[in-house]
Amino acid sequence: MEFGPHLMLAMLEGLVQASVLTLTALGLSLVFGVMRVVNVAHGEFYMLGAVLAWWVTTMLGGNPAIGFVVALVVAPLLVGLMAAAADWLVLRRVEYDPERTIVATIGLLYIIQQVTLMTYGPDAHPVTPPFNTRLALPWYEFTDAGFQIYWPWGLSITSYKLFVIAAAIVTCLGLWLLMARSKIGLILRATQLDSETAQAFGIPVERVFALVFGMGAALAALGAVLVVPIQQAHYLMGGDPLLLSFIVVIIGGLGSLRGTVVAAILIGMSDGIISVFFTPTLAKMLATLLVAMVLVYRPQGLFGAKPA
Amino acid sequence: MKRALPLHLGLIVLLFALQFALPAYHHGNLARIMVMATFAMGYNIMFGYTGLLSLGHAMFFAAGMYGMGLAVTQLGTPVGPAFLIGIAAAFALSLIVGLLALRTIGVAFMIVTLMFSQTLFLTILYFGSITRGDEGFGIKQATRQIMGLDLSDPTIRYFAAWLLFSLTLMGTLWLVRSPLGRVLIAIRENEERARMLGYDTWRAKLSAVLMSGTVSGAAGAAYGVLFGYVGASFAQVPYSIFPLLWVLLGGAGTVIGPLIGALFMFYLIDLSSGVTDAYMLVVGVALVLLTLFAPKGMMGMVRERWLKWLP
């Protein structure tokens, strides 16, 4: 393939990755924004979403589309409930102290990961996509005969991948409506702004925290359900999304949802493109180092406002 | 000091004597535990005494280990000088990381250390032609000699681990009672106030990172020399979490806590790995239970209830 179509393909793949990353990172960002704690177990909630999706589709059998739609609802819901329970049982009791929360969520990370290893096993399992038509894409060239459109071999995307991108956009819009237009959103924003004052105004902050922690995990799980027909479900799959979400949330400015979306698209796309043209190890290495430097020299993130 | 010195010297004598009493399996384990406890004591200087929670100490351990290992395999250095090169590598890395990471505080500090550590791990993978990536490389038994002593011999290995451990233990004991150690504890309790009192807290924190990173690197280099293996798994996230866990379990900010924590955790994992492959579950459960019910750790509770003078 020539450079042009190759780049186009890399960008499309990057866009699919960026979509999933946006959802995962939004979950982490939401939790950090409202609760001011870092959830190190976030990647494991993502992994749980993928494993549950496999479990649901296998249990239901039959038409893959039905199983997938059920998984799309059930997996995030279950993961959200589990996360809310973890919040209630553990994080609430360490009073959301930032350091102790990190240590506790590292503990949760290993508990979730290892229990999955014991029950689901060490093998990766695939989930059949509900639909998977290959769509060839055109490219253009200028020849002696003038402008021409042709169909390069290998330049294609599947309908399922387009669906992933669309689903991510819809979810983002839904989350924005929820945050900006609903009563729950108002309560969340009030808690984010100042949880003590919110409590003084009668907002049940503890329950809001459990809800937010659940929502954050559910977003990660949703991203994982979307990705699992492309990637297989595996008990160690939570590591990379966690690291990338960290990167995104930091670059986007800690706690800013809009910044998170912009950064997720930026990082997801560049990660996809760099991985096609260079080795993934080098890409990850540079990204990780870059983020550490951003945190050191611009702790408010590239898009975040200066702290008051 | 009257009561603390006999206690710690007694512990050192006990560990020395155990060498003659233990069966071979536990003898080998204890040598390993003493090296890991040295790593944990290094971690404790930053976390337990200065209040800086690092999530990336694997990088210092790995810097020492690879500094030593690569000097042996690439430059053909004898292990004695190579051990010093390992320590120097860890010192250099802690200087760089300290200068950069100390610009941040709190959660950002944890994430920055995590990211730097991950960068080192990926760098090790990237230069796989020299480091042999995930697989790692062995240090040949023939080269593991210092002054005619064969370090792969169990008795000499135990003695070397004991020496490293004892030096670090006494060093930590001296540190926490020195003026610098007092400033570090003051920073842990209230940095703002320590600064108001006129202490240069930034310089004190940097020296804590330097000491902590260098001791951890010495443990890594010693591990490579004594057990003859250098691998990328020692640069991965679990090896940043282990010292945190050992210190938390044994008691952050106590001199003997890291040993107690490493000893307990080692045997807990050893026992559970006989039952299940998912032995890291024990680590997870221990972390959650510790944060919930015993944030001060074992020696911390001993100090609170009975031995108020415990350093």
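Source: prediction; values computed, not measured. Just so you know, the residues in each chain are numbered from 1, in the order the chain's sequence is written. A letter from A marks each chain and a number from 1 marks each ligand, given out in the order of writing. Given that this is a predicted model, residues contribute local features only at a pLDDT of at least 70 and side-chain atom pairs are listed and counted only at 80 or more, while totals for whole chains, interfaces and linings are drawn from all residues. Remark: hydrogens and water are excluded; side-chain values derive from all non-hydrogen atoms of the structure.

A short note on the overall build of chain B
- By the criteria applied, helices consist of DSSP H or I runs no shorter than four residues and strands consist of E runs no shorter than two, each listed in order from the N terminus. Helix and strand counts for chain B stand at 13 helices and four strands.
- Using C-alpha atoms as the atom set, the radius of gyration is obtained and then compared with a globule rule of 2.2 Å times the number of residues to the power 0.38. For 311 residues, the compact-globule estimate of 2.2 N^0.38 gives 19 Å, and chain B sits close to it at 19 Å.
- Whether a residue is buried, partly exposed or exposed follows from its accessible area with a 1.4 Å probe, protein chains only, as a fraction of its type maximum: under 20%, in between, or over 50%, in that order. Going through the 311 residues of chain B one by one, you find that 58% of them count as buried.
- Contacts are assigned to residue pairs with any non-hydrogen atoms lying within 4.5 Å of each other. Taking the contacts inside chain B whose residues are at least 6 apart along the sequence as the reference set, 78% of them involve residues at least 24 apart.
- Total accessible area computed for chain B in this model is approximately 12700 Å², and 69% of it derives from carbon and sulfur atoms.
- Separation between the mean location of the 19 positive side-chain charges and that of the 11 negative ones in chain B comes to 11 Å. For the area figures, the Shrake-Rupley method with a 1.4 Å probe applies, and any residue is considered shielded solely by the protein chains shown. His is not counted, nor are the chain ends; Lys and Arg add positive charge and Asp and Glu add negative charge. Where a charge lies is defined by one atom per residue type, namely NZ (Lys), CZ (Arg), CG (Asp) and CD (Glu).

Points about empty space enclosed by the protein
Residues and elements named next belong to chain A.
- The way it works is a 1 Å grid over only the protein atoms, where trapped points that fit a 1.4 Å probe form a cavity and open points with protein on both sides within 12 Å along at least five of seven lines form a pocket, and then any residue with an atom within 4 Å of a point lines it. Grid points are joined across faces, edges and corners, and a volume is the space filled by probe spheres set on the points. Scanning all chains against the criterion turns up four cavities of 30 Å³ or more.
- In this model, the second largest cavity occupies a volume close to 40 Å³.
- For the second largest cavity, the full set of lining residues is L243, L244, I247, D271, K284, A287 and T288.
- Secondary-structure elements contributing two or more residues to the lining of the second largest cavity are α9 (239–251) and α11 (280–297).
- Under the grouping applied here, Gly and all other residues not named as nonpolar or charged are polar, the nonpolar ones being Ala, Val, Leu, Ile, Met, Phe, Trp, Tyr, Cys and Pro and the charged ones Asp, Glu, Lys and Arg. Class assignment for the residues of the lining of the second largest cavity results in four nonpolar, one polar and two charged.

Re the pairing of strand β2 (residues 139–143) of chain A
All names here are of chain A.
- Across five bridges, the pairing between β2 and strand β3 (residues 146–150) is antiparallel. Bridging from a neighbouring strand, F142 pairs with F147 of β3.
- The antiparallel hairpin formed by β2 and β3 contains two residues in its connecting segment. Whether two strands pair comes down to DSSP finding at least two bridges between them.

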